[in-house]
Amino acid sequence: MEVVILSGSKQIGKLAADAIEELVRRKPDAVLGLATGSSPLPTYDELAARHERDGLDFSRTQGFALDEYVGLPAGHPESYREVIRREFTNRVNIAPENVHGPDGTATDIPAACRAYEESIAAAGGIDLQLLGVGTDGHIGFNEPGSSFASRTRIKSLIEQTRRDNARFFSSLAEVPHHVLTQGLGTIMEARHVILVATGAQKAQAVRDFVEGPVAAICPASVLQFHPHATVLLDEAAASALKLADFYRHTYDNKPAWQGL
Ligand code: GLP
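As the structure is a computational prediction, the values presented were derived from the model and not from experiment.

A.B. asks: Give me the lowdown on the overall build of the chain, citing residues and values where you can.
C.D. replies: Looking only at helices and strands, the chain has eight helices and ten strands in total. Rg of the C-alpha trace for the chain: 17 Å, near the compact-globule value of 18 Å for 260 residues, within the 12% margin. Its C-alpha atoms give the chain principal-axis dimensions of roughly 55 × 40 × 35 Å. Element-wise, carbon and sulfur atoms account for 53% of the exposed surface of the chain, whose accessible area totals about 11400 Å². In the chain, 25 positive and 33 negative side-chain charges are present, and the distance between their average locations comes to 1 Å.

A.B. asks: Pulling in residues and values, what's your account of the environment of G183?
C.D. replies: With respect to the secondary-structure elements, G183 resides in the loop between strand 8 (178–181) and helix 6 (184–188). Residues G183 and Y80, spaced 103 residues apart in sequence, show a C-alpha to C-alpha distance of 16 Å. With near-sequence residues (within four places) excluded, G183 lies in contact with N142, S150, R151, T152 and R153.

A.B. asks: How would you explain the sheet that holds strand 4 (residues 67–69) if you had to name every residue and give the values?
C.D. replies: The strands that make up a sheet are held in pairs by hydrogen bonds between backbone atoms, and each pair lies either parallel or antiparallel. Taken together, three strands build an open sheet; the order of strands is 4-8-7 and the sheet is antiparallel. If you trace the sheet from one side to the other, it starts and ends with strand 4 and strand 7 (153–156), each paired once. Averaged over all adjacent pairs, the angle separating strand axes in this sheet is 30 degrees, with direction ignored. In this sheet, strand 8 lies alongside strand 7 in antiparallel orientation, the contact comprising four bridges. By the bridge assignment, S156 is partnered in strand 8 with H178.

A.B. asks: Now, about the pattern of salt bridges: what can you tell me, with residues and values included?
C.D. replies: Side chains that differ in sign of charge can pair as their charged atoms come close. One pass over the full model with this rule turns up 17 salt bridges. With a closest N to O distance of 2.9 Å, R50 and E21 form a salt bridge. Taken together, the residues R50 in helix 2 (residues 41–54) and E21 in helix 1 (residues 9–26) connect sequence positions 29 residues apart. E21 matches R50 in its accessibility class, with the two residues each being buried. Within this structure, D18, E21, R25, E46 and R50 form a network of salt bridges that share partners.

A.B. asks: Account for the site of the ligand, naming residues and giving values.
C.D. replies: For the ligand, the set of nearby residues contains 14 residues, the closest of which are S38, S39, D67, R167 and K202. One of the side-chain nitrogen or oxygen atoms of K202 is found 2.6 Å away from an oxygen atom of the ligand. When the free accessible area of the ligand is taken as 390 Å², the share hidden by the protein chains comes to 94%. Grouping the amino acids of the shell around the ligand by side-chain chemistry returns four nonpolar, seven polar and three charged.

A.B. asks: Can you explain the sheet that holds strand 1 (residues 2–6)? Please cite residues and give values.
C.D. replies: Here seven strands make up an open sheet; going across it, the order is 1-10-9-6-2-3-5 and the pairing parallel. Two strands bound the open sheet, and with one partner strand each, they are strand 1 and strand 5 (99–100). Relative to strand 10 (residues 229–234), strand 1 is paired through five bridges, and the arrangement is parallel. Of the residues in strand 10, the one forming a bridge with V4 is L232. This element, helix 1, spans strand 1, strand 2 (31–34), strand 6 (128–131), strand 9 (192–197) and strand 10 of the sheet and lies at about 155 degrees to strand 10.

What counts as what
- Residues numbered from 1 in each chain as written.
- Predicted model: local features only at pLDDT ≥ 70, side-chain atom pairs only at ≥ 80, totals over all residues.
- Heavy atoms only, no water.
- Helix = DSSP H or I, 4+ residues; strand = E, 2+ residues; numbered from the N terminus.
- Rg over C-alpha atoms; globule rule 2.2 N^0.38 Å.
- Areas by Shrake-Rupley, 256 points an atom, 1.4 Å probe, with all protein chains shown as cover.
- Lys, Arg positive; Asp, Glu negative; His and termini not counted.
- Charge placed at Lys NZ, Arg CZ, Asp CG, Glu CD.
- Contact = heavy atoms within 4.5 Å.
- Pairing = 2+ DSSP bridges.
- Axes fitted to C-alpha atoms, helices over the stretch in contact; angles between N-to-C directions.
- Salt bridge = Lys/Arg side-chain N within 4 Å of Asp/Glu carboxyl O.
- Buried < 20%, exposed > 50% of the residue type's maximum accessible area, 1.4 Å probe, protein only.
- Near = heavy atom within 4 Å.
- Polar contact = N/O pair within 3.5 Å; in protein donor to acceptor, adjacent residues only side chain to side chain.
- Nonpolar A, V, L, I, M, F, W, Y, C, P; charged D, E, K, R; others polar.

Given below as structure tokens:
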């Protein structure tokens, strides 16, 4: 796991966008794993700017959402399918039919989850997965206790997560209780994972998953087993890390050819 501590979210967005740009130029039909929440927004802004300014071309890429609420009507502005369209894919030239998400409106949920796993496999697997982290250490919507072997499935949200996400809705009561999410096993198969965390409210979760034991109580800790996981933090999110100085030293002295 590589931990990079940067001065703010703009710098984080630029570095994550560098990795995505490098991938898309090297592999124009790259498969991108897309996250929602506030953490990836500066990365999406930066990619949209590079598309506008430099013609960074996403026409052959595919996008797969991490997760989705169950029970929001199709087209609801806070459904993750809509959020991903609005915040990213509509701002670059990814073909709408190349943007996929688990179907939270399906009547047969297990079949929809199986179909989603099959569509990821049919695309050749995810090359680069963007992630945020919840204040309880969740990734996607894999709440504490999620199996490290889990695949796309339905989950119940912990109240803390519903409260954290209530800012996107007009009241807490509107936040669904159920979600579909790629499993931890699904996420672990992405070839490169970039997790972004900013702000003091993430400091404890960051310390737990980066430096704590690997345990289902902190789902993001499974990334300690990932062969290519990058963690991009601002100073506040990094503030509880024991080895922060070591991470800074390592990144400052990294060979230039290495990239993320
Ligand atoms: C939601 C999403 C996660 C995201 C998390 C943190 O629960 N399902 O994918 O990582 O929120 O969001 P934020 O980046 O807004 O803190």
